[in-house]
Each structure stands twice: as C-alpha cells, then as structure tokens.
Amino acid sequence: MNIRLTLLILVGLVQLAVPGWMIFEQEQTLRLGTEYKFQTEPVDPYDLFRGRYVALRFKAADVDYKGSDLLNVSKVYVVIRNNADGFAEVERISSKPVSGDNVFLAINRSGWRSKTLCLEFPFDSYYMEETQAPQAEQAYRDANRRDSKQQTWAVVRLRNGKAALADLFIDGQPIRDYLRDHPHPKK
Amino acid sequence: MRWIVEEVDDLVASGVISAESGAALRRHYETKIEQKDSGGRVVLLSVLGATLIGAGIILIIAHNWDNLGRPARTALSLLPLLASLAISLWTLLRRAGSTAWREGAGVAQCAGVAASIALVSQTYHISGELSDFLCTWLILTLPIPYLLRAVVPALIYLAGIAVWAGTSFDLYQGNQGAPGYWLFLAGILPFYGMAVRRDRLGKWTAWLSAVLGLSMAFGLGFTNLRELWIPGFSGLFGVYYLVGALAFPEHRYNPLRVLGALGAGYLSVMLTFKDVWPHGTIVWSDIHWPAYVLAVGLPCASIALLVWALRRKVDFNRFVSALPIVALLAFGMGMTGGKGLDAKLILTLAFTLYAFALALGTAFRGLQQRAFATLNGGLLILVALIIARFVDNEFSIVARGIAFVLLGCLMLGANFWMLKTKREGNA
C-alpha cells in the first residue's frame, strides 16, 4: 500500500508539473520575450473545454510561396521581422529548427499545389468571459471590415521559439478598455 | 442469486432441510444479495457524481473569469487537479477497500487533469490542437486505473485513445494515420490482464472487454491500413472471437465473442461486393510499416489461437474462426492472380460461398445449442447476403418478393420450431 501511495504522489507531481510547466513557459515568454504586433484580419467559436474566444486571423499568416518543398511539412518555423509600419511580417519560413527571439512554430495548412502557404499561428484564439467574447467578436469584426479605418492587432511576445499572446488591440486600445468605452451588443 | 432463496423455501417444504437451517440460509443469502445490490448502486452513483462534478467544473471554467486577473487565475487553474489528487490520496489511505470511492476518485482525477490543462490554456490563450491536448491528457491519466485499481478511468482512457486516433488521423500528412494508438493501447493492456486474472467473469471485466474491443476496432481503422484492411480486420475479428471462446468459455455471449462474431458476419457480407476489393495495383511502398505489422500479425495471431482452440477442444463456431484464413487466401489470390474483372469475380464468388456457409453453419449451431441469438445471427447474415445480391444484380420484382417471403418463413419457422422444442425439453 505504501508503494502505491508513493507512486500516486509521484504521478500527482507529474500531473501538476504539466500545467505548471505551461504556466512557467508562458510567464517567461510574456515577461522576457520580444514584443511584436500582428495585424489581424476578419473571421462565434466555442471551445468545449475552454469556453468562448475570439478567433483571430492574421495578415502575416498567408505567405506567397513559389517552391514546393514546404507544402508537405506539417509544422514550420516562422521567422518574423517588423515592417515600416511597426507591424510584424514574415521574414522567412523554415522546416528546420531556427533559434532566436523572433521565431515561432506554426502549423502548415497549405493545400497540395497552393501558391500561398496558409499558416496557423499558435496564438489565434483570444479567450474571454462568455458574455464578453461575443461582443468582442462583433467589435473585432466591425473593426476589421474593409471600409473600417480602425486598425486591430494582437500583441505577441516571442522568446526562444515560444509565443505568448499578451493582448488584443482595437483602434489603439486593449479590447477590454475598448468594449467598456464602446459597448457592442451582439447583432 | 434470488433463485436460491426461492429454492430454500422448496427445500424446507419438502423436508430436505430443517426450518431453522432454512431460515439461516435465507438470512445468509438475503444479506448477500443486499450487499451486492447496494454495492453496485453506490459505485454507479459515485461515478455519476464524479462525472457530473467534473463536467460542471469544466463548464464553470469555460465561463472564463476574466476579472480575477492572471495571478489568481493561474493559482486557481491548478485547483481542480490538487483537489482530485487530495481525494485520491485520502481514498488510498482511508477507503482503499471501497470500489465506490476508488472509481469515483479515479474519474475525478481524470477530470481534474483535463480541467487544469484547459484552464491554463485559457488563461494564456494557448490555441493548441485537440489531438495534442488529448495526447497530454491521456499520458497523464494512464497511471490512474493502476494506482486506484479503478475500471471506469480505464474505460475513459480506452475511449479517449480511440478519439485521439480519430483526431490525429490525417490522410494528407504522410498517409499513415495514427499508429501511435497501439502504443497507447499497450499501456493499458496489463491492466486488462490484471482485471481478467482477478475477476474473469465479473461485470467490470465484461465492460472492459466490450470497450477494449470497440476501441481497438476504431484504432485499427485509424491506423490507415489502406488495402491491407481486409486481412487486418478479419484477423482482428478472428482474434476477438477466439479470445472470447478460449478465455471466457462459460460466457456464450461474452463481449469479445459477440463483437468477433458480429464483425465476421458484417465483413463476410461486405466482401461479397466487388467494389470493396482494392482497385488496380497496390503501391506497396505507400503502406507504412505499422500497417504491415498489424495486417500480418492479426491474422497470424488468429490462426495460432485457432490451433490452440482446436487442441484444447473448446466449443466454438468453426465458420467464424475461419474468416481470417479465407480472407488471407482470397486476398493473396486477388493480389497475385489474374487481372481485372475475372479475379474480382472469383473473389466475390468465393466470399459469397463463405458467407453462405457462415450463415447456415451459425444458424444450425444456434438450433443445436438452442440459442436464439446465434440462430438469428446466422439467419440475419443469410438475409443480408441475399439483399446484398439484390443490390448487385437485377432481379424482377416478383423474384425479390418470393425470395423475401421465403426468407421470412424460414426465420419465423426456425424460431417457432426452436421455441417449441425448448418448451418440450423443459416440460
């Protein structure tokens, strides 16, 4: 019985270590990572386990691509640099590991013979309280309409190939402040 | 067990035992029945309670308590796991003998692990794939059935690995499906072995057998065997049937045996269709090695079990156990033999004959053993086979009508005849 008990404690520690490590990694990235602003594009998702969130689409996620060797790779390393407007853009994409504070791992959803690489960034869901998420989604959609003059972006911190989504901005304001100043009942 | 109590009354009435010993026997069995019933009910309630609480916690988490701030939410996210761990530890220390506590604590801990990972993902906006989340969760839940000796967490795990295989099955990425399923399965098989050794004919073991059988069938499907699915699945169903017959000979309707027989019936009818057989030549290099291992290993295992069963002289349906052999022969012939339509025609013809033999053999076995389920299983294969041929070929409406009337008569007649002989046998 003592062995079983010891084993249960050990297993419990391992079970705790997994969310613990996730927390540590994200905190490290948020505190020490390099900050980038990713401009977003238009897309009421509900996640069974994690609740309501705003689904984000990034301008930088569709990359012109002429080769063929990356099309069959399911995960790629994305190297980022800032453009003249201060937003992040893709510098290059690699199937081999790249180190640095401007790199993250993305899922490659490209089709067989596509001319653009469709990437899925690891920070494309912004989770919010269930009553707020639909409003935020609406505000996000309105701000992302073609005729809209507002700019939306996500602040992401990168460190050692890890990415952490810090905040979502609409028109220069964090989304929570924006929703407080501009209430958005869901249509 | 209730029949014993009734029997006791008869024995007292006919003077075989005295009134006192009759009363003592009655008391003994009645308390036993009571314990058995309440035990089962309490276990069910505790598992249900733990499941509801777990689901409720996940929903409460889904609300996403934004205004709490990150540090507080981070601390809270570990709470479900810590609480469930505390329950498990307390159970091992104080209630190790109670099935209800062990099962309930096990379910709670499965939910606790999932809830904590989901909460952290939510707090930090980590948008992972479902399959990655399931993978982490399954690895962390695997020790729970062993440590708590709890069956329900093992059932959750078996269902979970099938779902994981389904979510990671991606035809476009290397065409290999999810062979990792078999690694996950290997992790839980020792637990199944222990359960069989501890309580071979118990209802928990039967549940494990049933869910294990279903999970493995999905797992095999998600491994992407490509054209090799024919030997693969026939081998799997053969193994089910024979393991059921060898390990649980007392159970005519043991879950593995039933699954094996159902699978064999389904497969044998399906393989009588021409289009089910592979088209064109097989590109052998496109098939990954796990598929080869399974497509060769499962039929071989089934044949080895067949030899063993024949030697041990256990009672089993020869026609069901012959499926892997027939499938292997037909598959081999189809792959090496003639080209085009002729080879396929021979294959479907061979399988029509086999399915016909399986149907009649099974129905006859049912008649001999006075087993309605077996009889009707065999007749059902016959009906399916004839309907299948109607789909394939063009018969006149009158011919179909006559065939269906005859089949209906055969089914009703066989069942009535058996009911009658059974009554006469009892009388």
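Predicted, not measured: the structure shown is a model, and the values here were computed from it.

K.L.:
I'd like to hear about the overall build of chain B, residue by residue, with values.
P.N.:
Helix and strand counts for chain B come out as 18 helices and 0 strands. Judged by the C-alpha coordinates and their principal axes, chain B covers about 75 × 75 × 45 Å. Across the 427 residues that make up chain B, the buried fraction comes to 40%. Sequence-distant contacts in chain B: of pairs separated by 6 or more residues, those separated by 24 or more amount to 74%.

K.L.:
Lay out the interface of chain B and chain A with the relevant residues and their values.
P.N.:
Interface size is commonly expressed as the accessible surface area that is lost when the partners come together. Every contact between the two is made by 32 residues of chain B and, on the other side, 32 residues of chain A. Elements with a contribution of two residues or more to the side of chain B that touches chain A: α2 (19–62), α3 (70–77), α4 (79–94), α5 (99–123), α6 (130–141) and α7 (143–148) of chain B. Considering each element in turn, the side of chain B that touches chain A owes the most residues, 8 residues, to α5 of chain B. Partitioned by chemical class, the residues of the side of chain B that touches chain A number 19 nonpolar, 12 polar and 1 charged.

K.L.:
Run through the environment of His-288 of chain B, naming residues and quoting values.
P.N.:
Counting through the fold element by element, His-288 of chain B comes out in the loop between α12 (255–270) and α13 (289–312). Distance in space between the C-alpha atoms of His-288 of chain B and Gly-177 of chain B is 9.4 Å, their sequence separation being 111 residues.

K.L.:
Explain unusual backbone geometry residue by residue, including any values.
P.N.:
Residue and element names in this part refer to chain B. Of note, the phi angle at Asn-224 is positive, near 55°, even though the residue is not glycine. Following the sequence through the fold, Asn-224 ends up in the loop between α10 (203–222) and α11 (229–247). With 21 C-beta atoms counted inside 10 Å, the residue Asn-224 sits in the buried group. The phi dihedral of Arg-226 is positive, around 55°, even though this residue is not glycine. With respect to the secondary-structure elements, Arg-226 resides in the loop between α10 and α11.

K.L.:
Explain the environment of Gly-40 of chain B to me, using residue names and the numbers behind them.
P.N.:
Relative to the helices and strands, Gly-40 of chain B resides in helix α2. Placed 78 residues apart in sequence, Gly-40 of chain B and Ala-118 of chain B show a C-alpha to C-alpha distance of 32 Å.

K.L.:
Summarise the environment of Leu-367 of chain B; cite the residues concerned and give the values.
P.N.:
All names here are of chain B. Take Leu-367: it is sitting in helix α16 (residues 340–369). For Leu-367, a count of 18 C-beta atoms within 10 Å corresponds to the partly exposed category. Residues Leu-367 and Phe-351, 16 residues apart in the sequence, show an inter-C-alpha distance of 24 Å. In this structure Leu-367 touches Leu-375, Ala-414 and Met-418, once residues within four positions along its chain are discounted.

K.L.:
Give me the domain arrangement of chain A: which residues, what numbers.
P.N.:
Residue and element names in this part refer to chain A. Split by domain assignment, chain A resolves into domain 1 (1–32) and domain 2 (34–181). Counting residues at the interface gives 6 residues for domain 1, matched by 6 residues for domain 2. Of the residues that constitute the side of domain 1 that touches domain 2, the class distribution is 2 nonpolar, 3 polar and 1 charged.

K.L.:
Describe the nonpolar core, listing the residues and the values that go with them.
P.N.:
Core analysis: the largest hydrophobic core is formed by 148 residues, its most contacted members being Val-54 and Val-156 of chain A together with Leu-158, Ile-161 and Leu-242 of chain B. The two domains that each donate at least three residues to this core are domain 1 (1–32) and domain 2 (34–181) of chain A. For Leu-158 of chain B, the residues in contact, after removing those within four places along its chain, are Ile-188, Val-211, Leu-212 and Ser-215 of chain B.

K.L.:
So what's going on with the packing of α10 of chain B against α12 of chain B? Residues and values would help.
P.N.:
In a packed pair of helices, the relevant descriptors are the angle between the two axes and the axis-to-axis distance. Residue and element names in this part refer to chain B. Taken N-terminus to C-terminus, the directions of α10 and α12 make an angle of 30°; their axes are 8 Å apart at the nearest point. Between α10 and α12, the angle is such that the two are roughly parallel. In contact with Ala-206, Ser-209, Ala-210 and Gly-213 of α10, α12 contributes Pro-255, Leu-256 and Leu-259. Looking at the contact of α10 with α12 residue by residue, the class counts come to 5 nonpolar, 2 polar and no charged.

K.L.:
If you had to explain the sheet that holds strand β5 (residues 62–64) of chain A to someone new, which residues and values would you point to?
P.N.:
Residues and elements named next belong to chain A. Here 5 strands make up an open sheet; going across it, the order is β5-β9-β8-β6-β7 and the pairing antiparallel. The sheet is open, and its two edges are formed by β5 and β7 (88–94), each paired on a single side. Each adjacent strand pair in this sheet contributes to an overall mean axis angle of 45°, direction not counted. Two strands pair when backbone bridges link them, and β5 and strand β9 (residues 116–120) are joined in this way by 3 bridges, in the antiparallel orientation. Bridge pairing links Asp-64 to Thr-116 in β9.

So, how was this worked out
- Residues numbered from 1 in each chain as written.
- Chains lettered and ligands numbered in written order.
- Predicted model: local features only at pLDDT ≥ 70, side-chain atom pairs only at ≥ 80, totals over all residues.
- Helix = DSSP H or I, 4+ residues; strand = E, 2+ residues; numbered from the N terminus.
- Buried ≥ 20, exposed ≤ 12 C-beta atoms within 10 Å, placed from the backbone.
- Contact = placed C-beta atoms within 7 Å.
- Nonpolar A, V, L, I, M, F, W, Y, C, P; charged D, E, K, R; others polar.
- Domains from an automatic or database assignment.
- Core = buried A, V, L, I, M, F, W, Y, C linked by C-beta atoms within 7 Å.
- Axes fitted to C-alpha atoms, helices over the stretch in contact; angles between N-to-C directions.
- Parallel < 35°, antiparallel > 145°, perpendicular 65-115°, else oblique.
- Pairing = 2+ DSSP bridges.

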